[in-house]
Amino acid sequence: MKTNRPVTVRQEQQHERALCTAILALRSVEECRSFFRDLCTPAELQAMADRWAVVRDLERGLPYRDIHDHTGVSVTTIGRVARYLAQGNGGYAIASRRLGGPARG
């Protein structure tokens, strides 16, 4: 997290909520894609897309090494995604379930 400006926890929460609200206002995959391409660097967007691919592979029960070979994502990152899938805030599970994946979380 950046520390170059004095922002309170409350302000950070407000900013995060405003971002989530903006995402929810988007009405199509193409609008969402355009928004994220404007918001994120190519590397940030690729990292998020890679993590989502890891979620899907973990849900299919693939071993970490196979996921690494399939996605190119480091085993460390795969482990982190697996930990959040199992013990995070439930966001991965909600999105996956709504897209027809396993009903975890």
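Residues numbered from 1 in each chain as written. Predicted model: local features only at pLDDT ≥ 70, side-chain atom pairs only at ≥ 80, totals over all residues. Heavy atoms only, no water.

Caption draft 1: Region of the structure containing the nonpolar core. Of all hydrophobic cores here, the largest spans nine residues; its members are Val 54, Val 55, Leu 58, Ile 67, Val 73, Ile 78, Val 81, Ala 82 and Leu 85. Elements supplying a minimum of two residues to this core: helix H3 (42-59) and helix H5 (75-87). If one sorts the elements of this core by residue count, H5 sits on top with four residues. Look past the residues within four positions of Val 55 in its chain and what remains in contact with it is Val 81, Leu 85 and Tyr 92. (Core = buried A, V, L, I, M, F, W, Y, C linked by side-chain atoms within 4.5 Å. Buried < 20%, exposed > 50% of the residue type's maximum accessible area, 1.4 Å probe, protein only. Helix = DSSP H or I, 4+ residues; strand = E, 2+ residues; numbered from the N terminus. Contact = heavy atoms within 4.5 Å.)

Caption draft 2: Layout of the packing of aromatic side chains. Tallying each qualifying case throughout the model produces two aromatic pairs. Ring centres of Phe 35 and Phe 36 lie 5.8 Å apart, and the angle between their planes is 85 degrees; on these two criteria the pair is classed as edge-to-face. For the ring pair Trp 52 and Tyr 92, a centre distance of 6.4 Å and an interplane angle of 40 degrees mean the geometry is tilted. You can see Trp 52 sitting in helix H3 and its partner Tyr 92 sitting in helix H6 (residues 91-98), a full 40 residues away along the chain. Exposure remark for Trp 52: the relative accessible area of 27% places this residue in the partly exposed category. (Phe/Tyr/Trp six-rings, centres within 6.5 Å; stacked < 30°, edge-to-face > 60°.)

Caption draft 3: Here's a closer look at the environment of Arg 80. Assignment of secondary structure puts Arg 80 in helix H5. For Arg 80, a relative accessible area of 36% puts it in the partly exposed group. On a C-alpha basis, the gap between Arg 80 and Arg 51 in space is 9.5 Å, while along the polypeptide they are 29 residues apart.

Caption draft 4: Main features of H3. With 18 residues, H3 extends 26 Å between its outermost C-alpha atoms, agreeing within 8% with the 26 Å of an ideal straight helix rising 1.5 Å per residue. Every buried residue of H3 is accounted for by Val 54, Val 55, Asp 57, Leu 58 and Glu 59. The inward-facing, buried residues of H3 contact helix H4 (64-71), H5 and H6. Backbone geometry just downstream of H3 places Gly 61 in the positive-phi region, at approximately 85 degrees. (Expected span 1.5 Å × (residues − 1).)

Caption draft 5: The arrangement of the environment of Met 48 in detail. The topology assignment puts Met 48 in helix H3. The class for Met 48 is partly exposed, based on a relative accessible area of 35%. Apart from the residues within four sequence positions on either side, Met 48 is in contact with Phe 36 and Cys 40.

Caption draft 6: How the structure looks around the environment of Arg 17. Mapped onto the elements, Arg 17 comes out in helix H1 (residues 9-25). The class of Arg 17 is exposed, set by a relative accessible area of 63%. With 51 residues separating them in the primary sequence, Arg 17 and His 68 have C-alpha atoms 33 Å apart.

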